[in-house]
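# Survey of secondary and tertiary structure
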Amino acid sequence: MQNKGLLFIPDISGFTTFVNSTAIEHSQHVISELLSEIIDSNILNLKLSEIEGDAILFYKFGDPPSFDDLYRQVEKTFVNFHQQLKNYEQNRICNCGACESAPSLTLKIISHYGEFTTYQVKDNFKLIGKSIITAHRLLKNTIIGNEYWLITEPLLRAAAGNEIPNGIVLESTIEHIDNTYIQVHINTLSALRENIAAKPWTNTALSQPHTEVLNLSYVLPCNMFSLIQIVSNLTVRPLWMEGVKSIEKSDHAINQLGNVHNCILANRCDIIQTTSYTKTDSTIEYGEMIEGMGFLNFTFEQLSHRSTQLTIRLRIKKNFMMGMMFQIMKKRSMQKDFDKSIEKLIHLATSKSAGD
């Protein structure tokens, strides 16, 4: 072995429980976006070796970064990870198990310094060496807690010498790996979560003057939450909404507050829509801002476990001529389209309930 370097492994705590107890469709999207956030948080120009399910193996040959730089990398990774989860928590629309339980995930980070090298399998480069084994063994340790930075003694000596920055508290312990013992130092990261807040999203267009040009009300023999799951799920929109051909170019795989998507209509008229969502004690309102036009809102009120009143409102920019043209040319045909859409929505909701 001729190469020495840093091994840096962020590992998602709670991953196994999360994946095993939630719907696979949304859990895979949540994990994918969280892993992407970890990769994008790389400020030390670490090389990515591979994604290992719930963990990412980074490495960098040569002398390790300073302790200060290492801690900045740890802090950046941890804070960005939880910033993403905070955004999910505040902006989510979906009530599935994956979306509800995602904020319970957290992160631990294993870091080690030692000898290892690379070998090639076709176009892929893998890492090999005793230090690789040691770092991976430390993912399964005896440490109490699930959000911390673990730094091994070899890395601490090489990165910090005898100098530990003020404010950084390390607790030392010994881990037994195979037939040897290794000293490790733990820095708890929980305090970093205290000042993390979701990025606010505000729709300034809502404050502009608009005119309501369509108000339709239906009583559907369906559970309110089943209906919301369908209406807010962009992937199934073409299955029930009359005239919608496809949904493209969505910001996120899972629809959430502020999500921007392209709605492709059958007549090839493309409209950009931004999701909005509000909830009160008695109603839930899901809406989409239609670029250049106005707002389409769906208000759900649960009448009973299997009965929901759905009110559909369309508001357009306040303009006398636009309002007149809509009343004359579009209102009747749009109402017919919504009547057909509601029939399909009921069928989809009842079929899904039967399948469940």
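Parameters at a glance
- Residues numbered from 1 in each chain as written.
- Predicted model: local features only at pLDDT ≥ 70, side-chain atom pairs only at ≥ 80, totals over all residues.
- Heavy atoms only, no water.
- Helix = DSSP H or I, 4+ residues; strand = E, 2+ residues; numbered from the N terminus.
- Buried < 20%, exposed > 50% of the residue type's maximum accessible area, 1.4 Å probe, protein only.
- Contact = heavy atoms within 4.5 Å.
- Areas by Shrake-Rupley, 256 points an atom, 1.4 Å probe, with all protein chains shown as cover.
- Arc of directions from axis to C-beta.
- Salt bridge = Lys/Arg side-chain N within 4 Å of Asp/Glu carboxyl O.
- Axes fitted to C-alpha atoms, helices over the stretch in contact; angles between N-to-C directions.
- Left-handed = near helix turned anticlockwise from the far one by under 90°.
- Nonpolar A, V, L, I, M, F, W, Y, C, P; charged D, E, K, R; others polar.
- Core = buried A, V, L, I, M, F, W, Y, C linked by side-chain atoms within 4.5 Å.
- Patch = residues over 30% accessible without salt bridge, like charges linked within 9 Å, V, L, I, M, F, W, Y side chains within 5 Å.
- Polar contact = N/O pair within 3.5 Å; in protein donor to acceptor, adjacent residues only side chain to side chain.
- Pairing = 2+ DSSP bridges.

### So, the overall build of the protein chain
Looking only at helices and strands, one finds 10 helices and 16 strands in the protein chain. Looking at the protein chain residue by residue over its 356 residues, the buried ones come to 46%. Taking the contacts inside the protein chain whose residues are at least 6 apart along the sequence as the reference set, 64% of them involve residues at least 24 apart. Only carbon and sulfur atoms are counted for the fraction: they give 50% of the accessible area of the protein chain, which is about 18,600 Å².

### A few points about helix α5 (residues 130-137)
Among the residues of α5, those classed as buried are S131, I132, T134 and A135. Looking straight down α5, one finds its buried side chains confined to an arc of 160 degrees; they lie on one side. Looking at the buried side of α5, the elements it contacts are β1 (4-13), β4 (106-115), β6 (124-128), β8 (171-177) and β9 (180-188).

### Points about the pattern of salt bridges
Within this structure, the stated rule accounts for 10 salt bridges. Across the salt bridge formed by K108 and D11, the nearest N and O atoms sit 2.7 Å from each other. Of this pair, K108 sits in strand β4 while D11 sits in strand β1; the two residues are 97 residues apart in sequence, bridging distant segments of the chain. Both residues of the pair, K108 and D11, belong to the buried class. For R193, the salt bridge identified is with E147, shortest N-O distance 2.9 Å. With R193 in the loop between β9 and β10 (210-220) and E147 in the loop between α5 and β7 (148-152), this pair connects stretches of sequence that are 46 residues apart. R193 gets classed as partly exposed once you look at its relative accessible area, which sits at 32%.

### A look at the packing of helix α2 (residues 24-40) against helix α3 (residues 67-91)
Where α2 meets α3, the closest approach of the two axes is 9 Å, and the angle between their N-to-C directions is 145 degrees. The hand of the α2/α3 crossing is right-handed. Along the contact surface, α2 presents H29, V30, E33, L34, E37 and I38, while α3 presents T77, N80, F81, Q84, L85 and Y88. Along the lines of polarity and charge, the residues of the contact of α2 with α3 split into 6 nonpolar, 4 polar and 2 charged.

### What about the nonpolar core?
Ranked by internal contacts, the top residues of the largest apolar core, which has 41 residues, are I12, I38, F81, L105 and W149. Apart from the residues within four sequence positions on either side, I38 is in contact with P10, I12, I56, F58, T77, F81 and L107.

### Quick notes on a nonpolar patch on the surface
Side chains of Y119, V121 and I128 sit close together on the surface and give an oily, nonpolar patch of about 250 Å² of accessible area. In this structure, V121 sits in strand β5 (residues 117-121). Take V121: its relative accessible area is 43%, and that puts it in the partly exposed class.

### Considering the side chain of N141
The topology assignment puts N141 in the loop between α5 and β7. A distance of 3.0 Å separates the side chain of N141 from the side chain of Y148, its partner in a polar contact. Once residues within four sequence positions are removed from consideration, N141 is found in contact with I110, Y148, L150 and E175.

### Here's the deal with helix α6 (residues 153-160)
For an α-helix, 3.6 residues make a turn, and residues three or four places apart therefore share a direction. Within α6 the residues assigned to the buried category are E153, L155, L156, A159 and A160. Seen from one end, α6 has its buried residues packed into an arc of 160 degrees, which puts them on one side.

### What to know about the sheet that holds strand β2 (residues 47-51)
The strand order across the open sheet built from 7 strands is β2-β3-β1-β4-β7-β9-β8, with neighbouring strands paired in mixed fashion. Pairing within the sheet leaves two strands with one partner each, and these edge strands are β2 and β8. Pairwise comparison of adjacent strand axes, ignoring direction, gives a mean angle of 25 degrees for this sheet. Its contacts with the sheet put α3 on β1, β4, β7 and β9, and the angle it makes with β4 is roughly 150 degrees. Its contacts with the sheet put α5 on β1, β3 (56-61), β4, β8 and β9, and the angle it makes with β4 is roughly 160 degrees.

### Regarding the side chain of N259
Mapped onto the elements, N259 comes out in the loop between β11 (244-248) and β12 (260-265). Relative accessible area serves as the criterion here: at 0%, N259 is assigned to the buried category. Of note is the side chain of N259, whose polar atom sits 3.1 Å from the side chain of N255. Beyond its immediate sequence surroundings of up to four residues, N259 is in contact with L234, S250, D251, H252, Q273, T274 and T275.

### Some words on the pairing of β2
Relative to β3, β2 runs antiparallel, the two sharing 4 bridges. Pairing of I51 across the sheet is with I56, part of β3. The antiparallel hairpin formed by β2 and β3 contains 4 residues in its connecting segment, where G53 sits at a positive phi of about 75 degrees.

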